[in-house]
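Listed below, chain by chain, are the residues.
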Amino acid sequence: MPKYLVEAVHEPDPASCLRLLDAVLMQGAHYLTHTDWGCMVGDHRAWMLLDAEDDAAVKHVILPAFRDKARIAKLNTFTPEQIRAMHTQAH
Ligand SMILES: [Zn+2]
């Protein structure tokens, strides 16, 4: 299943952080352990790695508190063969 990175920025004030943290906490332990935060170092973004069928499925599982500010990136890994093939195509 494709892997997605969801990044959501929020306002740099403690009330905004807490509003989102409460939303994640209320959603359940799974969401809390699968969300990483930059707040403690002054980078007010949250990141979630998800496995999902497609973009629509990702949007469905993003909490409403994040949905309007979320950036969704579909990720992949590369094999050595793919990298070699890309070099060939570039010439
Ligand atoms: Zn924050």
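Scroll up to find the structure.
Since the structure is predicted, the reported quantities are computational estimates derived from the model, not experimental observations.

A. The arrangement of helix α1 (residues 14–27) in detail. The end-to-end C-alpha distance of α1, which contains 14 residues, comes to 20 Å, matching closely the 20 Å that a straight helix rising 1.5 Å per residue would cover. For α1, the complete set of buried residues consists of S16, C17, L20 and V24. Projected down its long axis, α1 shows its buried positions confined to an angular sector of 100°, all on one face. Pointing more than 90 degrees away from the buried face of α1 are the exposed residues P14, A15, R19, L25 and M26. Those residues of α1 hidden inside the fold are in contact with α2 (29–33), β2 (35–37) and α4 (64–67).

B. Quick peek at the packing of aromatic side chains. Scanning the model with the defined rule gives one aromatic pair in all. Ring geometry for W37 against F66: centres 6.0 Å apart, planes inclined by 50°, an arrangement best described as tilted. Taken together, the residues W37 in strand β2 and F66 in helix α4 connect sequence positions 29 residues apart. Relative accessible area serves as the criterion here: at 1%, F66 is assigned to the buried category.

Reading the values: rules and limits
- Residues numbered from 1 in each chain as written.
- Predicted model: local features only at pLDDT ≥ 70, side-chain atom pairs only at ≥ 80, totals over all residues.
- Heavy atoms only, no water.
- Helix = DSSP H or I, 4+ residues; strand = E, 2+ residues; numbered from the N terminus.
- Expected span 1.5 Å × (residues − 1).
- Buried < 20%, exposed > 50% of the residue type's maximum accessible area, 1.4 Å probe, protein only.
- Arc of directions from axis to C-beta.
- Contact = heavy atoms within 4.5 Å.
- Phe/Tyr/Trp six-rings, centres within 6.5 Å; stacked < 30°, edge-to-face > 60°.

Structural measurements only, silent on function.
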